[in-house]
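Close look at the chain arrangement
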Amino acid sequence: MRIDCPYCGERDAQEFVYRGDASLMRPESEDGMADYVYLRDNLAGPMTEHWYHAQGCRTWIAVTRDTTTHAMLGAIFARDGVR
Amino acid sequence: MADLLVEQLSGFGLATIMARKGVSGMAIGMALGVEAPAQPAFCRGENNLALIGTGAGSWFAHTDMVSPAWHTALRDRLAELASVSDQSDGYMLIRLSGEDARTVLQRGAAIDFHPEVFAPGAAATTVIAHIGVVIWRRDDDARGRPKYEIATFRSYFDSFRRWLDHTAAAL
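Time to look at the packing of aromatic side chains. By the definition in use, this model includes 11 aromatic pairs over all chains. With 5.0 Å between their ring centres and 75° between their planes, B:Phe113 and B:Phe118 make a pair best called edge-to-face. Judged by relative accessible area, B:Phe118 falls into the buried class, the value being 4%. Every member of this aromatic cluster is reached through a ring pair, and the members are B:Phe60, B:Tyr91, B:Phe153 and B:Tyr156. Stacked on the ring of A:Phe77, the Lys or Arg A:Arg79 has its end atom at 5.4 Å from the ring centre.

Looking now at the sheet that holds strand β2 (residues 13-19) of chain B. All names here are of chain B. With antiparallel pairing, 5 strands are arranged side by side in an open sheet as β3-β4-β5-β2-β6. Two strands lie at the open edges of the sheet, namely β3 (42-44) and β6 (82-86), each paired on one side alone. Averaged over neighbouring strand pairs, the angle between their axes works out to 25° when direction is ignored. Across 5 bridges, the pairing between β2 and β6 is antiparallel. When the bridges of β6 are listed, Thr 16 appears paired with Ser 85. Helix α1 (residues 25-32) contacts β2, β4 (49-55), β5 (58-63) and β6 of the sheet and is inclined by roughly 140° relative to β2. Relative to the sheet, helix α2 (residues 70-77) contacts β2, β4, β5 and β6, its axis offset from that of β6 by approximately 175°.

Another point: the domain arrangement of chain B. Residues and elements named next belong to chain B. For chain B, the assigned domains are domain 1 (10-86) and domain 2 (91-169). Computed from C-alpha coordinates alone, the two centres of domain 1 and domain 2 are separated by 21 Å. Taken together, the contact between domain 1 and domain 2 spans 11 residues of the former and 13 residues of the latter. Between domain 1 and domain 2, roughly 1000 Å² of surface is buried when both sides are summed, and carbon and sulfur atoms account for 69% of that area. Taken together, the connections running from domain 1 to domain 2 amount to 1 salt bridge. Connecting domain 1 to domain 2 are 2 residue pairs in polar contact (both at pLDDT 80 or more).

About the thresholds
- Residues numbered from 1 in each chain as written.
- Chains lettered and ligands numbered in written order.
- Predicted model: local features only at pLDDT ≥ 70, side-chain atom pairs only at ≥ 80, totals over all residues.
- Heavy atoms only, no water.
- Phe/Tyr/Trp six-rings, centres within 6.5 Å; stacked < 30°, edge-to-face > 60°.
- Buried < 20%, exposed > 50% of the residue type's maximum accessible area, 1.4 Å probe, protein only.
- Lys NZ or Arg CZ within 6 Å of the ring centre and 35° of its normal.
- Pairing = 2+ DSSP bridges.
- Helix = DSSP H or I, 4+ residues; strand = E, 2+ residues; numbered from the N terminus.
- Axes fitted to C-alpha atoms, helices over the stretch in contact; angles between N-to-C directions.
- Contact = heavy atoms within 4.5 Å.
- Domains from an automatic or database assignment.
- Buried area = accessible area lost by both parts, 1.4 Å probe.
- Salt bridge = Lys/Arg side-chain N within 4 Å of Asp/Glu carboxyl O.
- Polar contact = N/O pair within 3.5 Å; in protein donor to acceptor, adjacent residues only side chain to side chain.

What follows is the structure, given as structure tokens:
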């Protein structure tokens, strides 16, 4: 799989570290913390995820891709959008 | 006969520059009198100083001829704008030139080195043989052959050199 890094351009996925779902928000209180830490949707289709370009620009990016086809649908710096 | 010249460089200065929060590349470029590229690129300015884009808000500063006060002077000029860390001893630099230089690089790094994509002034941070490298392309030599420079961590240099020797032997 090749990932479109907004700084470096298209790179092999091996250069990146995967974190996961970018849409999760840390809850304010302990309620919901277990779900935040452990519960994941297993999406089939477009999904936005955090990837860290460890072997490139050393930046966190938010990548939207189709999990069924690995098609890249866009990538932005994580600090510019979803947290 | 392969057309490849491998030179291990010495006497250079290398430092990382990381912009403080909210400081633009423009401000850093103004302070140093050389363009601080917003993309992976090699920009050479006056006073033998070049900036190489290594990430969003981060650059390598490079000089061919280092002086003892080089990195402190850099730090003073970027006071309040960026953090500067001298890496002159942390990285090794190697220069590959000649018609076959591109072939050698292409066998190591999974990025496109076609001249239309990786022209003089281009730069990239990537891996070769699992070893982190920063690569930039200088102006072609007098005979129009490409010239690349590669920075790699000093502690990995022997391993990198082994990859290079094996790959060059197969040309």
